[in-house]
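# Survey of secondary and tertiary structure
Residue-level listing of the chains:
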Amino acid sequence: MVMRLTHTLAPTLKETPAEAQIVSHRLMLRAGLVRQTAAGIYAWLPLGLRVLRNIERIVREEQDAIGAQEMLMPTIQSADLWRLSGRYEAYGPEMLRIRDRHDREMLYGPTNEEMITDLFRQSVKSYRELPQMLYHIQWKFRDEVRPRFGVMRGREFLMKDAYSFDLDYPGAVVSYRRMMLAYMRTFRRLGLKAIPMEAESGPIGGNLSHEFIILAPTGESQVWYDAAFERMDFSAAAISHESATDLERFFVDMTTHYAATDEKHDEASWARVADKREGRGIEVGHIFYFGTKYSAPLGLAVAGQDGAPTALHMGSYGIGVSRLVGALIEAFHDDAGILWPDAVAPFPAAILNLKVGDAACDRVCDDIYAKLAGNALYDDRGERAGVKFADADLMGHPWQIVVGPRGAAAGIVELKRRSTGERHELGIDAALARIG
RNA sequence: CGGGGCGUGGCGCAGCCUGGUAGCGCGCGUGUUUUGGGUACACGAGGCCGCCGGUUCGAGUCCGGCCGCCCCGACCA
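Source: prediction; values computed, not measured.

### A closer look at the domain arrangement of chain A
Segmenting chain A into domains produces domain 1 (23-73 + 112-337) and domain 2 (347-435). Look at where the C-alpha atoms of domain 1 and domain 2 centre, and you get two points 38 Å apart. When domain 1 packs against domain 2, the two sides together hide about 670 Å² of surface, and 63% of this comes from carbon and sulfur. Linking domain 1 with domain 2 are one salt bridge. A salt bridge links Asp 334 to Arg 418; its shortest N-O distance comes to 2.9 Å.

### Considering helix α14 (residues 428-435)
Buried within α14 are the following residues: Ile 428, Ala 431, Leu 432 and Ile 435. Around the axis of α14, the buried residues are gathered within 95° of arc, so they sit on the same side. Facing away from the buried side of α14 by more than 90 degrees, the exposed set consists of Asp 429 and Ala 433. Of the surrounding secondary structure, the elements contacted by the buried residues of α14 are β20 (349-353), α11 (359-371), β22 (399-403), β23 (412-417) and β24 (423-427). Looking one or two residues beyond α14, the residue adopting positive phi is Gly 436, at roughly 75°.

### Here's the deal with the protein's contact with RNA strand B
Of all residues adjacent to RNA strand B, which total 38 residues, the nearest are Arg 146, Arg 153, Glu 283, Arg 384 and Arg 423. Here, RNA strand B places atoms within 4 Å of the protein, and 44% of those atoms are sugar or phosphate. In this structure, a base oxygen belonging to RNA strand B sits 2.5 Å away from a side-chain N or O atom of Arg 153. Note that a base nitrogen of RNA strand B is positioned 3.5 Å from one of the backbone N or O atoms of Phe 389. At the level of secondary structure, the elements contributing two or more residues to the surface near RNA strand B comprise β2 (34-38), α12 (385-395) and β23. At seven residues, α12 tops the list of elements feeding residues into the surface near RNA strand B.

### A few points about the pairing of strand β10 (residues 194-198)
Across the five residues of β10, four count as buried, placing the element largely inside the fold. Looking at chain direction, β10 and strand β11 (residues 209-215) are connected through five bridges and run antiparallel. Bridging from a neighbouring strand, Ile 195 pairs with Ile 213 of β11.

### A few points about the packing of helix α6 (residues 169-189) against helix α8 (residues 244-256)
In the contact formed by α6 and α8, the axes pass within 9 Å of each other and the chain directions differ by 65°. By crossing handedness, the relation of α6 to α8 is classed as left-handed. Along the contact surface, α6 presents Val 174, Tyr 176, Arg 177, Arg 178, Met 180, Leu 181 and Met 184, while α8 presents Leu 247, Glu 248, Phe 250, Phe 251, Met 254 and Thr 255. Tallied by class, the residues present in the contact of α6 with α8 amount to nine nonpolar, one polar and three charged.

### Description of the packing of helix α2 (residues 46-65) against α6
Contact geometry for α2 and α6: axes closest at 9 Å, N-to-C directions at 150°. Viewed along their axes, α2 and α6 adopt a mutual orientation that is roughly antiparallel. The crossing of α2 and α6 is right-handed. Judged by residue contacts, Ile 58, Val 59, Glu 61, Glu 62 and Gln 63 of α2 engage Met 179, Ala 182, Tyr 183, Arg 185, Thr 186 and Arg 189 from α6. Taken together, the residues that form the contact of α2 with α6 break down as five nonpolar, two polar and four charged.

About the criteria used
- Residues numbered from 1 in each chain as written.
- Chains lettered and ligands numbered in written order.
- Predicted model: local features only at pLDDT ≥ 70, side-chain atom pairs only at ≥ 80, totals over all residues.
- Heavy atoms only, no water.
- Domains from an automatic or database assignment.
- Buried area = accessible area lost by both parts, 1.4 Å probe.
- Salt bridge = Lys/Arg side-chain N within 4 Å of Asp/Glu carboxyl O.
- Buried < 20%, exposed > 50% of the residue type's maximum accessible area, 1.4 Å probe, protein only.
- Helix = DSSP H or I, 4+ residues; strand = E, 2+ residues; numbered from the N terminus.
- Arc of directions from axis to C-beta.
- Contact = heavy atoms within 4.5 Å.
- Near = heavy atom within 4 Å.
- Polar contact = N/O pair within 3.5 Å; in protein donor to acceptor, adjacent residues only side chain to side chain.
- Pairing = 2+ DSSP bridges.
- Axes fitted to C-alpha atoms, helices over the stretch in contact; angles between N-to-C directions.
- Left-handed = near helix turned anticlockwise from the far one by under 90°.
- Nonpolar A, V, L, I, M, F, W, Y, C, P; charged D, E, K, R; others polar.
- Parallel < 35°, antiparallel > 145°, perpendicular 65-115°, else oblique.

As structure tokens, this is what we get:
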């Protein structure tokens with residue numbers, strides 16, 4: 001589906017809405033990706049949705065690649081399950097509580113540990129069925145006291161959450177490392193530099209809790225890390241997610257170098273780092289092992305080899321999908337607008353018809369439009385060139401195919417790479433080949 | 001939840017102190033003009049001034065209550 005801008009809901013703004021403070025929020029509103037409908041709640045307009053879907057797709061592919069199974073759990077949950085784990089009381093006002101017409105207590109899920117544990121318990125009875133990993137990509141709601149930063153900290157947000165089930169601790173460790181690998185691959189494909197940083201592991205202890213921080217100059221927290229992370233290559237072929245040995249080597253690589261946020265930063269350890277790097281970061285993922293925290297109270301146990309019931313060791317793994325849209329913009333923008341990485345851009349290219357109505361321009365644009373089926377946003381508005389350039393830069397398409405009366409007659413277009421500003425005059429087919 | 005601020009055409013704002021029938025820029029429509037980085041001119045459409053109540057001959061403006069949104073802090077995928 002090629003979209004014609006004249007018939008697309010992509011309302012760009014010249015001025016910055018007063019409520020937006022940080023750059024990603026401003027640009028998301030100005031580029032017409034989202035609109036706020038209530039505090040911390042956003043409607044995703046066509047272009048914003050395409051970015052969200054692209055991120056989702058990459059996340060999904062990398063989850064599938066390590067053998068996680070996709071499912072979909074509901075947004076509305078019964079309070080009863082949460083009473084079993086004790087979290088109905090513990091969660092506090094951040095949980096959106098609802099009553100249905102029969103006065104039953106319900107809630108809009110902030111996460112799904114209880115539900116997945118209960119579902120798994122109903123059907124899995126033997127150690128022979130383990131291990132398993134399940135995930136879903138679903139909207140969550142946390143009634144933040146103070147939503148801010150646009151989709152970076154909304155109340156409603158799209159999250160990928162995965163859950164692992166293992167018979168014992170060593171098995172859970174393998175699952176944990178496997179997921180860490182999937183995360184590194186995911187963030188790299190999104191064009192981001194992500195660094196796993198040890199996080200609070202709660203009552204379980206150990207070092208099996210990591211936050212994934214991406215580097216962005218406008219990030220919300222200060223981070224300190226070893227430059228070794230910048231040199232690491234997590235190429236897909238190098239590590240097998242099925243080899244416990246590969247996974248251990250990978251895990252050691254990931255965790256021996258220093259990396260910390262404000263909360264965990266330690267000057268003594270920092271002093272021993274040879275090649276220091278400091279920067280700003282945004283948390284986009286979190287993985288942790290929590291043992292039998294939910295399996296025990298919810299009665300999730302299977303028959304082990306000896307026939308005796310064993311409570312399962314679980315872990316959960318989140319990626320903030322909608323937050324990533326904002327985080328990506330924080331990482332990739334300039335004064336003119338967004339610089340989408342190719343993998344997530346709403347469209348790889350925009351076609352700018354600088355003179356709608358000019359026979360040659362229209363003909364060349366129609367030709368490109370047909371050849372790019374599905375891969376371009378065609379600016380067919382009767383606007384001046386400057387307006388089109390400004391909007392294309394703002395929206396951040398990786399490539400701009402500029403069709404003006406000067407070159408169109410000769411079948412020449414100008415191809416502009418948004419990220420570098422490079423421009424080349426090329427024949428139509430040569431330009432299309434460059435875009436790939 | 002503590003502290004601060006703001007609600008006036010789609011967006012950004014003025015008007016409120018010192019009540020008198022709502023204004024500017026951008027955007028939108030029509031026409032002319034311009035034609036490779038947000039063109040210029042003319043005409044035009046569009047607002048129960050967040051809501052409810054009070055004071056007053058008269059309320060966007062004063063008083064009370066409510067709702068919504070934003071910022072700083074504590075908190076967080």
